[in-house]
Amino acid sequence: MGLVLRSWAANEAAKHCAVVVWVAVSAWLFWRTFRLFSSGPQYYYLHQMLGLGLCISRASASVLNLNCSLVLLPMCRSILTVLRGTQQLNSRKARRLLDKSKTFHVVCGVSICVFSVVHVCAHLVNAVSFSVRYSDDFPALNVAQHRGQDPRILILTTVPGITGVILVLILFLMFTASSYSIRVCNYEIFWYTHNLFILFYIILMLHVVGGALKYQTNVDTHPPGCIRTNQTNSSSYTSSNQVPETQTKAELKEMPHITVCKEDAHFQHHFPQTWLWVTAPLCLYCAERLYRYIRGSAPVTVVSVIRHPCDVIELRMLKSGFKARPGQCPTQNKETFGIHIRVLGDWTECLSELLFPALNHSEILPIMHQRTYPKLYVDGPFGTPSEEVFNYEVSVCVAGGIGVTPFACVLHTLLGGWSQYRLRRLYVVWVCRELQCFYWFANLLCDLHHKLWEENRPDYLNIRLYLTNTQQLQSFSEERFRPLSSRLLIGRPRWKDIFGEIGQSNQHKKVGVFCCGPKSVSRELHKLCNSFSASGTVFEYNKESFS
């Protein structure tokens, strides 16, 4: 039980602590603002007019301010990459927490949507209250022009109302276009609607300038609920404090629990606070995007284009000033870098047609004699969980199909030398449906295998290839791929047995598990890492993501 708890803490503690802090801050902001508007003397008359709707609308606005400022920070990818590479961030738990940046971005986005619904509903109630509880005693508090005015007119003729409607529409588009089905079918819809965030923040600044809600400025000279000798009987919510006009001030002062107003109540618009929350994160994000735009504005030089089996394209490129840390990007040498693209979807199909307009075979073109390719722009490199492979003594890389590409960076790095890293044993588990898929990196695997044998370290690399298509038993026929033939297994991996074997061979160690593949495999590995309790081995789970 103790080891299971230790395994769970290694994988989940930091993430859950961050969530608890975020929830606690949000709850504190909500409660603090709710109490301020429900019992603050400066909001006494406004609260009598609007009631609970005032408290909920302002409390939800405080949480929205927090999340509108936080939602941008996880998307500052260049800054996160710099943080990951600094010596100050020497904690592996802190670096692994950075890998959850996209998840935190999604959590903040969902929170914005939820509290926006709460905020809108509360203000719809407020619009009705402004109409029904029109104040004759305090005209400055009114948004409605007269009692009984149509609340829809209040919404559609005021700055907060109009901008609020536009914000809801933008948020609806961004939220619906972020669904998994739309991102898979048409990523451009997701991309362009998400860039509406610029318009969202501009309108958000205008939204808070409207000043529909006001607070009392002279609480000292006009205490809430004080009595005015000339007070009228027109206001329903102040009738409890009304006295006959014939009552003298001297007689009022002699009455217990009665406070006489020294002057009329004065009200003023709130100073907008939203810009105080969002200005710094927004400027930081815009500066980071500008830096990325400038960095990626120069097109890369395509060195070679290779068509691999199973609709995979390999691009080798050259870019001036491009520097990648180990694990970020496959590099055969310090000059060039490469990517593997699975042709799946409209964008990748279009790219394939541009690269191979009339070719049905592999082509490698020298730099001086290459065809005319479309201009390609590359943004990055960015920090990835794969960088952590080298910071464990033992690491396990689990890939499904094209998900092996992040780990190709690791293999390329080790091919250049392994002794300078902490890593002393690497397990590579690669699962594919077709045998031809293994040819994508078959040469790389064999080259690294031969290198380690020549250096008398055959136990450094453990390769396991799983072929899930059992209809036709196949094997590598080429002689140069003989090291892979003995490591090819038919069927699906039995993860529990694999973990047990790795744990038995690496007792009382922390093993880094890195996964890039289908969600079903990812969930199963994550669950195993959290519950493994044999041989004193702790498995720390790390998930790769292409987004």
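Going by what an unreviewed UniProt entry lists, the chain is known as NADPH oxidase 4 and is assigned to Astyanax mexicanus.

**Q** Help me out: how do you make sense of the overall build of the chain in this one?
**A** Secondary structure summary: the chain contains 19 helices and 11 strands in total. For the chain, restricting intrachain contacts to residue pairs at least 6 apart in sequence, the fraction spanning at least 24 positions comes to 75%. Surface exposure of the chain reaches about 28,700 Å², of which carbon and sulfur atoms provide 60%.

**Q** Where do I start with the side chain of N542 in this structure?
**A** Looking at the element boundaries, N542 is found in strand β11 (residues 538-543). Beyond its immediate stretch of four places on either side in the chain, N542 contacts R96, D99, P385, Y392, G512, V513, F514 and C515.

**Q** Could you clarify how one ought to interpret the packing of aromatic side chains in this entry?
**A** Think of a pair of aromatic rings as described by two things: how far the centres are apart, and how the planes are tilted against each other in angle. For the structure on display, the rule yields 24 aromatic pairs. With a centroid separation of 6.3 Å and an interplanar angle of 55°, the aromatic rings of W430 and F441 are classed as tilted. You can see W430 sitting in strand β7 (residues 425-432) and its partner F441 sitting in the loop between β7 and α16 (442-454), a full 11 residues away along the chain. Note on F441: relative accessible area 5%, which makes it buried. Pairwise contacts between aromatic rings join F30, W31, F34 and F115 into one cluster.

**Q** Just to check I follow, could you spell out a positive patch on the surface for this structure?
**A** A cluster of like positive charges, contributed by K102, K519, R523 and K543, occupies part of the molecular surface. Topologically, K519 is positioned in helix α19 (residues 519-531). What makes K519 exposed here is its relative accessible area of 53%.

**Q** Mind showing me how you'd approach the confidence of the model for the chain here?
**A** Any region with low pLDDT has predicted coordinates that should not be read closely. Counting all residues, the mean pLDDT for the chain is 85, and 89% of those residues have values of 70 or more. Looking at the elements of the chain, mean pLDDT is at its lowest for helix α12 (residues 249-254), recorded as 50, and at its highest for helix α3 (residues 52-70), recorded as 95. Note that residues 365-369 has pLDDT below 50 and, in this model, five contacts with residues that lie over four places away or in other chains.

**Q** Any chance you could explain the state of the cysteines here in plain terms?
**A** Two cysteines whose sulfur atoms are joined by a covalent bond form what is called a disulfide. With the rule as written, the count across this model stands at one disulfide. Each sulfur of the disulfide joining C226 and C261 lies 1.8 Å from the other. On the sign convention where negative is left-handed, the bridge of C226 and C261, at about 105° about the S-S bond, is right-handed. With C226 in the loop between β1 (214-216) and α12 and C261 in the loop between α12 and β2 (267-269), this residue pair connects regions lying 35 residues apart in the sequence. In this structure C226 comes out as buried when scored by relative accessible area, which is 3%.

**Q** For this particular structure, what's the right way to read the UniProt feature "transmembrane region" (unreviewed entry) in the chain?
**A** Residues given the UniProt feature "transmembrane region" (unreviewed entry) here are residues 13-31, 66-83, 104-125, 153-177 and 189-213. Counting secondary structure, residues 66-83 comes out at 67% helix and 0% strand; the distance between its end C-alpha atoms is 23 Å. For residues 189-213, the helix share is 68%, the strand share is 0%, and the end-to-end C-alpha distance is 37 Å.

**Q** Sorry, what's going on with unusual backbone geometry here?
**A** Working note: non-glycine residues mostly have negative phi, and peptide bonds are mostly trans. The residue after G380, namely P381, is reached through a cis peptide bond having omega 5°. Within the secondary structure, P381 sits in the loop between α14 (346-355) and β6 (394-400). Positioned with a positive phi, C310 is a non-glycine residue whose angle comes to about 60°. Tracing the backbone shows C310 in the loop between β3 (301-308) and β4 (312-318). The phi dihedral of D311 is positive, around 60°, even though this residue is not glycine. Within the element layout of this structure, D311 appears in the loop between β3 and β4.

**Q** It is not clear to me how the sheet that holds β7 should be interpreted in this structure. Could you clarify?
**A** The strands that make up a sheet pair up through hydrogen bonds in the backbone, lying either parallel or antiparallel. The sheet built from six strands is open, its strands ordered β9-β8-β7-β6-β10-β11 with parallel pairing. With one partner strand each, in any of the chains shown, β9 (488-490) and β11 form the two edges of the open sheet. On average, each strand axis in the sheet is tilted by 20° relative to the strand beside it, whichever way the strands run. Taken together, the seven bridges between β6 and β7 define a ladder with parallel strand orientation. Among the inter-strand pairings, V394 is bridged to a residue of β7, identified as R425. Helix-sheet contacts for α16 involve β7 and β8 (461-467), and the interaxial angle to β8 is about 150°. Where helix α18 (residues 495-505) meets the sheet, it contacts β6, β7, β8, β10 (510-516) and β11, and its direction lies at approximately 170° from that of β7.

**Q** What's the story with the nonpolar core in this structure? I'm lost.
**A** Among soluble globular proteins, nonpolar side chains are generally buried collectively. Of all hydrophobic cores here, the largest spans 42 residues; its most connected members are L414, L426, W430, F438, L465, F476 and L484. Residue assignment for this core shows that the elements contributing at least two residues are β6, α15 (405-415), β7, α16, β8 and β10. Setting aside residues no more than four positions away along its own chain, L414 makes contact with F390, Y421, L423, L426, L448, K451 and Y460. Ranked by size, the runner-up nonpolar core spans 21 residues in total, among them L64, I170, I203 and Y285.

Reading the values: rules and limits
Residues numbered from 1 in each chain as written. Predicted model: local features only at pLDDT ≥ 70, side-chain atom pairs only at ≥ 80, totals over all residues. Heavy atoms only, no water. Helix = DSSP H or I, 4+ residues; strand = E, 2+ residues; numbered from the N terminus. Contact = heavy atoms within 4.5 Å. Areas by Shrake-Rupley, 256 points an atom, 1.4 Å probe, with all protein chains shown as cover. Phe/Tyr/Trp six-rings, centres within 6.5 Å; stacked < 30°, edge-to-face > 60°. Buried < 20%, exposed > 50% of the residue type's maximum accessible area, 1.4 Å probe, protein only. Patch = residues over 30% accessible without salt bridge, like charges linked within 9 Å, V, L, I, M, F, W, Y side chains within 5 Å. Salt bridge = Lys/Arg side-chain N within 4 Å of Asp/Glu carboxyl O. Lys, Arg positive; Asp, Glu negative; His and termini not counted. Charge placed at Lys NZ, Arg CZ, Asp CG, Glu CD. pLDDT = per-residue confidence, 0-100. Disulfide = S-S within 2.5 Å. UniProt positions renumbered as here; feature names shortened; annotations may be inferred. Pairing = 2+ DSSP bridges. Axes fitted to C-alpha atoms, helices over the stretch in contact; angles between N-to-C directions. Core = buried A, V, L, I, M, F, W, Y, C linked by side-chain atoms within 4.5 Å.

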